[in-house]
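One-letter residues, chain by chain:
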Amino acid sequence: MAASFVDNGGTVCDVGCDHGKLSLYLIQRGKAKHVIATDINRQPLQKAIDLFASYNLSHTADFLLTDGMQGIENTADITHVVIAGLGGHTMEQVIESAPFVKVQKTRLVLLPAQSGYQIRKYLYTNGFEIEKEQTVSEKGKYYSCISAVYTGICHTPDIYDMYIGKSGECTGADATGYFEMILSQLEKKRKGFEIDNGTQNTEYTAAIEKIKQLLK
Ligand SMILES: C[S@@+](CC[C@H](N)C(=O)[O-])C[C@H]1O[C@@H](n2cnc3c(N)ncnc32)[C@H](O)[C@@H]1O
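Residues numbered from 1 in each chain as written. Predicted model: local features only at pLDDT ≥ 70, side-chain atom pairs only at ≥ 80, totals over all residues.

I keep staring at the overall build of the protein and nothing clicks. Help me out?
When helices and strands are counted, the protein shows eight helices and seven strands. Relative to the compact-globule value of 17 Å for 216 residues, the protein shows a C-alpha radius of gyration of 18 Å, a close match. Structurally, the protein occupies a C-alpha span of about 60 × 35 × 30 Å along its principal axes. Sorting the 216 residues of the protein into buried and exposed places 42% on the buried side. For the protein, contacts bridging at least 24 residues in sequence account for 66% of all contacts bridging at least 6. (Helix = DSSP H or I, 4+ residues; strand = E, 2+ residues; numbered from the N terminus. Rg over C-alpha atoms; globule rule 2.2 N^0.38 Å. Buried ≥ 20, exposed ≤ 12 C-beta atoms within 10 Å, placed from the backbone. Contact = placed C-beta atoms within 7 Å.)

Here it is, written out as structure tokens:
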């Protein structure tokens, strides 16, 4: 799914590349001319190196053992940054420590493994525009892939923006599964708030009602 958000990529940075399959797919499909594959752990990075070698494509990639994008020398060439399978909080830290993505308006393709609300909140409040999202399912779990770019325009998101964002424009079985998952999370949070405070949280209620409309 993340790969489908990469079009006409020049150099694509694949953060947390693990086995390198996404990077390889981007090269093989012509979605990237070159990839910079990073991983914080040596073992997965070595798998990616070996995978590229087995396809005689090592010349199309640079591999870097690092936290996020730290230490990348030629950031000027990077057209897309793909971060798939990491949590929202880690994604936020990775983006924060790479100021070039704002300066160059590099397209971000983000597929959070969990805490999607956290990365949406970060994007909205830090001047990134969420261009589009696509819901997806894998092994019975639901995710939303986000495409975002820096515009400098910040806004304070409400609960719906944080938990649903542009995924609210998606349709189909994956979208339904995603909305149901978020609905259940928010209903639990609202209940917890009520128990703690003895009163309803109107923000949660408003978001819950909007999500119920999506499910009709
Ligand atoms: C679940 S895998 C994601 C695999 C791949 N991106 C995909 O979607 O198929 C997470 C990978 O991210 C790496 N990772 C976790 N935190 C990282 C960070 N701060 N910087 C770079 N890599 C990181 C882990 O070592 C692991 O290989």
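So that's the structure; there's more coming.
Any chance you could explain the environment of glutamine 104 here in plain terms?
Turning to its location among the elements, glutamine 104 is positioned in the loop between α4 (100-103) and β5 (107-111). On the neighbour-count criterion, glutamine 104 (14 C-beta atoms within 10 Å) is partly exposed. Expressed as a C-alpha distance, the spacing of glutamine 104 and leucine 24, which sit 80 residues apart in the sequence, is 25 Å.

What is the right way to look at the nonpolar core in this model?
Soluble globular proteins: nonpolar side chains tend toward being buried together. Membership of the largest hydrophobic core comes to 63 residues, with the highest contact counts inside it found for Ala2, Val82, Ile83, Leu110 and Tyr163. Each of domain 1 (2-157) and domain 2 (158-216) gives at least three residues to this core. (Core = buried A, V, L, I, M, F, W, Y, C linked by C-beta atoms within 7 Å. Domains from an automatic or database assignment.)

Sorry, what's going on with unusual backbone geometry here?
Phi is mostly negative for residues that are not glycine, and the peptide bonds are mostly trans. Even without glycine at this site, asparagine 56 takes up a positive phi of about 55°. If you trace the backbone, asparagine 56 turns up in the loop between α2 (42-54) and β3 (61-65). Despite not being glycine, serine 115 shows a phi value in the positive range, around 55°. By the element assignment, serine 115 lies in the loop between β5 and α5 (116-125). In this structure serine 115 comes out as partly exposed when scored by C-beta crowding, with 16 C-beta atoms within 10 Å.

Would you mind showing me how to read the pairing of β5 here?
Consecutive side chains of a regular strand alternate in pointing toward one face of the sheet and then the other. The buried fraction of β5 amounts to five of the five residues, a majority that puts the element mostly inside the structure. Alternating residues of β5 divide into Arg107, Val109 and Leu111 and Leu108 and Leu110, and every residue in both groups is buried. By the bridge criterion, five bridges tie strand β4 (residues 78-84) to β5 in an arrangement that is parallel. The residue of β5 that forms the bridge with valine 82 is valine 109. As paired strands, β5 and strand β7 (residues 141-150) are joined by three bridges and run antiparallel to one another. For leucine 108, the partnering residue across the bridge sits in β7 and is alanine 148. (Pairing = 2+ DSSP bridges.)

What am I meant to see in the site of the ligand here?
In the neighbourhood of the ligand, 17 residues make up the surrounding shell, with Gly16, Asp18, Pro44, Ala84 and Gly85 lying closest. Elements that contribute at least two residues to the shell around the ligand include exactly β2 (34-39) and α3 (88-96). Within the shell around the ligand, the residues separate by chemical class into eight nonpolar, six polar and three charged. (Near = placed C-beta within 6 Å. Nonpolar A, V, L, I, M, F, W, Y, C, P; charged D, E, K, R; others polar.)

Just geometry here; none of it tells us what the structure is for.
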